[in-house]
Each structure stands twice: as structure tokens, then as C-alpha cells.
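# A structural walkthrough
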Amino acid sequence: MAEGKRNESLMDRVWKFFISLKLAIFVIIVLAIISIIGTIIEQNQPLEKYRQLYSDGTIRVLEGLGLFDMYHSWWFLLLLVLFTVNLICCTVDRLPRVVKVVRNPKTTLDGNLEKTLGLVDRWKRKGELKALAATYQEALGGAFARPRVTENEGTLHLYAEKGVISRFGVYVTHLSIIIIFLGAIIGNVFGFKGYANIVEGQSASVIPTRGGTNHVDLGFAVRCNKFWVEYYPNGQPKEYSSDLSVIENGREVLRKTIEVNDPLQYKGVWFYQSSYGPAGASTVTVAVRDPDGGGGETVTLSPGRKKEIAGYGTISAVDYQGNFQGLGPALLVVLEKPGNQPAQFWLLKSYPEFDRQRRDSRYLSFAGLNEIFYTGLQVAKDPGVNIVWVGCTLMVVGIMIAFFLSHQRLWIRLSRGGDGRVEVVLAGSTNKNRLVFEKKFEKIQADMKAVKA
Amino acid sequence: MLNVRLFDITTLLFGVASVNYVTALYGKKETIARIGTWICIAAAVVSTAAIGVRWAESYRMGIGRIPVTNLYESLVFFAWSVNLFYLAVEWKYKNRTLGAFVIPIAFGTMLFAWTNESSIQPLVPALQSYWLHAHVITCFVGYAAFAVSAGVAVMYLMKAKREERKLTGGVVALFPSTKILDDLIYKAIIWGFPFLTAGIITGAAWANYAWGTYWSWDPKETWSLIVWLVYAAFLHARVTRGWHGRRAAILSIVGFLATLFCYLGVNLVLSGLHSYGGA
Ligand code: HEM
């Protein structure tokens, strides 16, 4: 027997530990401190970076404690588990009581209750109990909320309440935290994050994840048709765009131009514009024409390669400028004609006739730069993300309910006094926002006293 | 640019208003404080106009964007919010002594903004997002509420200290009662907390739309979480452990210091993805 009792008290103690708010505040503060440490020690950096900052011994200690990848360490997860268990136990402990209080409100104002209420007023007036009750019921309905009337041993009690839902704001908020955790777990277990560099014209269907240690086969392919950059007048990049196609079973099933902040989604997999770069060397196109307008031919020049133009000479491109002296894109070419010194001159893309000024047997125009890019795509699948957004919405709603609504209750008790008049007692309480409620109470008090039978 | 001129005028107005409120406090001249209120109202009008003008000017430059996207703009928006929040509190509580503790925060912010690059720069692609706008606005309204709370907390500590020593008179005699100050510290926080929460959430939504991860523990994100946790601790300590008065006031000040670090310190001391302070 004694054994059983000790067990019970141990269970009790464990339960008390898990429902205590001291624990909650402690865990919240510890989480804050850990987060601070996580911003001081940079997380998930390459080892070389840490080598620059710390000695080998320090690195070993920090590494061993999981401080380079804190948010995935066992002790951090344990802390989150503790936090969640605390939250759930606390709710299990309190919520049923709140539901009970809300379901069975105290509709009669007895002496004991009256003593616990801060806002109480009493006065006497002539009249008949029932008729007065009806009058006050009407008046309180107009000034606050419609009361219910209970009769108890010749005494009439009116009870009205508002904002019951405010009692649940806290629980909605706490539930939302658990929902967010749930969404995050689902995302981590069933989702993936990867990265794909796709050269223009090529496609990818297998995505490396976890920094390349793993792969996910999408079951469809993504092709990058084109990548381009737009610029502001001052030369700063304005937008990075990729024209993407989704190809499934050899057919294009979706096509979209994505930008930063405007991803593509197919079958729950999202593709985000993330980076870009040159894929191989660029080429340039140059048009070769006769001054009298006839005989055009275009040649494509690769860097460092000379190109022979029959009956004229060889040309090669040696420099490119995006904006040459304010005149727009320009190409520097070297022309070698048999028996002449090599000549070097600029071609301007915006002025295709500019090269006529050489007054030669041919003139050249710069038709364009053919850059080949690869687009860098962040690829992610997160089946938990919508659950996270539901949690987030509930959190804001719950916090607003908890803070800005209050459960306000009013009682009126009518009883026959010794002198034949009716004794009226008005009492009120609120769980929040006392100062505001006091003002309201004063007003209702005045209204009730002034009400005509 | 006209908008910068207008912001400079706003700075000046906050400076004069700060002097007014502080002089009124020590000189016990209500009229001077009342003039301070009118100056703050003027500052509200001028700064609102400045934000509008800046917005319009960005369109005229072919950039076209809401002015809440770099350090300068976030600072003036913060000062704008602090001022409006303060005016609402002053109006509601009919007490102008708060001005001496809150308006200097707005003034200091504007002075700091003044030392920063104020031209309208185009947005890099990552920052072109409605979520970002919602993110900055909600965060800074939250920060403004925390600033007011911390200002009141300082008043509370001053008043409580004098009352403890049973001294009467002094400037604190003009303050609202400690009961009201204590309530106000809490009230400002319960306004700030939902805004900060919404700010963190909209930031997460933005990150998710831009990178596919709503949370990546970058220093700015992490610090906003720290601030959020500090105020969550404040709320729980208050509800259930009866942390009112002195301790609540100190927590409010700690919370605001964390907010300041989140806002400025992270960019000056730590590194991350966020745009302020950097480029
Ligand atoms: C950081 C996460 C948390 C947030 C954002 C949060 C949010 C809130 C909010 C907004 C309130 C209402 C405060 C007020 O009315 O002034 C509250 C109250 C409360 N919270 Fe939390 N909470 C968190 C974590 C926890 C945890 C882990 C527990 C675990 C025991 C807990 C237990 C409580 C309790 C018991 C109350 C008081 C309820 C009452 O007024 O009767 N909270 N919380």
C-alpha cells in the first residue's frame, strides 16, 4: 500500500513538473539563450571557416557539443520535446476546467461569490420583484448582453456574459505552436530541399539534396529554355528570369517564366530562381556587308578564335563592353588583311552602320552577344508548409483573442428587503482589461439605477 | 529630393518636441508640453507626407516601390510609428510627461537615419515581394510599441524608486500613477506582440516564396525569435507569476534592447541575408 502511495506521489510530482509554468518560462529563456549562442557561433559553416576562427582544440569541443549545427543537435530537439510536452500537459490540466466553467457559469450571485468580486454596488427601490426583474433584463440586454434569470428561494438572479471566447485565445495560441511544429516535422520527414544548375536548353530530373549526399528522382524533368537578366538604368540587376518547361513522359506539361519571388510549382515540387552563371564561353555574332548594301553574311566568333572571311581577311573578337562610353554594347575586333598591319576597332550594336566610316570594301556590324547561362534553381518539396501556415494564422488569431477580448460577467440579484422595498445588488467581473471594464461597469451602474419600472 | 527635405524637417520637429517635453517636465509648464503635442502632430503630418512623396518619387524614377525597403526607410518608418503610437497613448491617457521619454527615441532614430544613405535605390530582385512590405510594416509597428513600452518602463522605475524612498515632489509627481504606468507597459506590449508575431510570419512567408524555406536560422530571423521569446517570457511571468511592477519594467527594457539589437546590432555585428545596413 505504502509502495502504491509513494508511486502516486512520484507520478504527481512528475505531473506537477510538466504542467508548471516555471518550467515553461525556464524553457523559453533557455531557448532564447541558445538562439543567441547560435548567432554568435556561425552555424553550418565549412570546416576551413571554423579553422580561421578557432583553434583545433576549441573546434573539437564545439563540434562534440553539436554547437556547429545546434538546431539539429539531439539536445536542442530534446528541449523542443520538453517544451511541447510542457505545453500539452499544461493544456490537459487547464482546458477541461475552463470548459467546465464556461459550460456551467455561475448564474446566481450568492454571498460567497459577491465577496470575491471587486465591482459591487447595491441600492433599494420600490416595486415588485418579478416586474423589476423583467425591467432589468430588458435594460441589461440593451446595455450589455441579454441575461438569463434564475429563481432561488424567492430571490431572483440575473446573469449576463460577453466574450466567453476570450478564455480560449490562449489555447488557440498554444495549439497553433504545436500545429506549426507538426508542419515542420512533416516537411522534414516527407519533403526535401535540393539544388539544380541547368544550362539553357538542357533539363534535369534528378536533384541532389542534402548538399549532394543524396538524390531525389522527380519523375519528371525540368528544362531551362532560356535565362536572362534585366537591368535598371543604373546597371543594377532588376530581375533574374528563367523560362522553364516541365516535361513528363516526353511531353511538355507546363511552361512558366519564373523570377525571384515567383516560383514554379508542379506536383508539390517548387522551383525557385536562386542564382545563375555563365555556362561555357560566350560567342558573338557579327554581320559582314558590302557598302553598297549587297552580300550579307553573318559569322559567329568564339573567344580567341580567328575567323576567315573569304575575299576579305580574318577577324577575331577581343573585348566586349556592356556599355561603351554611354553608347551601349560594343565589341572590339581585330581585322587582319593579307599584307596589312592588323587593325583594331570598336563595333557598336546600337549603330550598325557605324563601321562604314572605315570606307573599306566591307563593313562589319555587331549583331549580338550569345551568352549561354545556367540557371541555379532551389528545388523544394514541403508537404508540411500549409500546415505551418494554418498554425501561423491560428497563432495571430489566438493572440488577438487572448489580448483584446475579455470575458466579462455581470450579475444582478433582486431580493425583498425588510422594509418592503427591493434590494438590488449589481456585481461584475472580468478576466482582463479591468480598467476598461470598470468604466463600462460605472456606466451600466448608472443606467440600471436610472431605469424606469 | 523633396522627400528627404521633408524628413529633415520631421527630424527638426522631433528635436524641438523633445526639448519641449523635457523642459515642460522640469519647468512644470503644461503649456510648453502642449506645444510639444502640436509639434508632434505637425511631425506626423510632415512625415506621412514625406513617405507619400517618396513613394511617388520612386515611381517617377521608374523604380516604383513602397518606401520600407532599406535602412533609411525603415528608420523613418519606425520613427513615424513611434510618434503615432505615442500620440494615441497621450490622447488616451491625457498625460504629456510620457513625451519626454518616447519622443527622444523618435528623434534619435531620425538623427541616425540622417547619417545614412537616403537616396532611392532600386530593389534587388530578392526584395521585390509584397510579403516583404507586409513584413517590414508589421515588424516596425511592433518595434514602435516596444519602444513606447520601454519608455514607460523607465518612467515606472524612476517613480517607483522615489516612492520607495518616500520622497514626494520632483518630476515624477507629474507622471501617471505607478499603477497606470505598469498597466501601460503591459498594454503597449500586447499591441507589439501580435504585430511582431505577424512580422515574423510574413517574413517566413517571404523567405518561403523566395527560397523555399520559411525558416533557415539566419541571424536576423533568429534574433527576431529571441525578441519574441523574451516578450513571451514577459507575458507568462506576468500572467502566472505575478511579475508586475519593477521586474516587469526591467523585462520590458531588456525586450527593447533585444529589439534594438535585432534591428541594428545584427547588421552591424553579425551577418545575414537582410538588406538593411549592408549594401
Ligand atoms: C513561446 C511560446 C508560447 C507563446 C507564444 C505563448 C503565448 C501565450 C499567450 C499569448 C498567453 C496569454 C497571456 C496573456 O493573456 O497575457 C499565454 C498564457 C499562458 N501560457 Fe503560453 N505561450 C507559449 C508557451 C507556453 C508554454 C510552453 C506553456 C506551458 C506550460 C504555456 C502556458 C501558458 C499558461 C498556463 C498561460 C496562462 C493561461 C491563463 O491565462 O489562464 N505557454 N501564452
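Residues numbered from 1 in each chain as written. Chains lettered and ligands numbered in written order. Predicted model: local features only at pLDDT ≥ 70, side-chain atom pairs only at ≥ 80, totals over all residues. Heavy atoms only, no water.

In this section: the coordination of the iron atom of the ligand. Ligation of the iron atom of the ligand by protein atoms is provided by H174 of chain A (NE2) and H236 of chain B (NE2), these donors lying 1.8 to 2.0 Å from the ion. Considering all six donor atoms around the iron atom of the ligand, angles at the metal cover 87 to 178° and the coordination shape is octahedral. On the criterion of chain membership, the pair formed by H174 of chain A in helix 8 (residues 166-190) and H236 of chain B in helix 7 (residues 219-241) is interchain, its members lying in two chains. (Donors = N, O, S within 2.8 Å, 3.2 Å for Na, K, Ca; no water. Tetrahedral: all angles 85-135°; square planar, octahedral: opposite > 155°, others 65-115°. Helix = DSSP H or I, 4+ residues; strand = E, 2+ residues; numbered from the N terminus.)

All names here are of chain A. Read from one edge to the other, the open sheet built from three strands follows the order 12-11-17, with strand pairing classed as antiparallel. If you trace the sheet from one side to the other, it starts and ends with strand 12 (297-301) and strand 17 (363-370), each paired once. Strand-to-strand twist of the sheet, defined as the mean angle between neighbouring strand axes without regard to direction, takes the value 25°. Two strands pair when backbone bridges link them, and strand 11 (residues 283-289) and strand 12 are joined in this way by five bridges, in the antiparallel orientation. (Pairing = 2+ DSSP bridges. Axes fitted to C-alpha atoms, helices over the stretch in contact; angles between N-to-C directions.)

All names here are of chain A. Applying the stated criterion across every chain yields a total of 29 salt bridges over all chains. The partner of R413 in a salt bridge is E114, and the shortest N-O contact between them spans 3.1 Å. Highlighted residues: R413 in strand 19 (residues 408-416) and E114 in helix 6 (residues 111-116), separated in sequence by 299 residues. Like E114, R413 is buried. In this structure, K306 engages E336 in a salt bridge whose closest nitrogen and oxygen atoms are separated by 3.3 Å. (Salt bridge = Lys/Arg side-chain N within 4 Å of Asp/Glu carboxyl O. Buried < 20%, exposed > 50% of the residue type's maximum accessible area, 1.4 Å probe, protein only.)

Moving on to the interface of chain A and chain B. At the interface, 46 residues of chain A touch 47 residues of chain B. Contact between chain A and chain B buries roughly 4,000 Å² in total, counting both sides, with carbon and sulfur atoms accounting for 71%. On the chain A side of the contact with chain B, T39, N261 and F403 of chain A bury the most area, a combined 17% of that side's loss. Taken together, chain A and chain B are joined by zero salt bridges. In terms of residue class, the side of chain A that touches chain B is made up of 29 nonpolar, ten polar and seven charged. (Contact = heavy atoms within 4.5 Å. Buried area = accessible area lost by both parts, 1.4 Å probe. Nonpolar A, V, L, I, M, F, W, Y, C, P; charged D, E, K, R; others polar.)

By themselves, these figures tell us nothing about what the structure is for.
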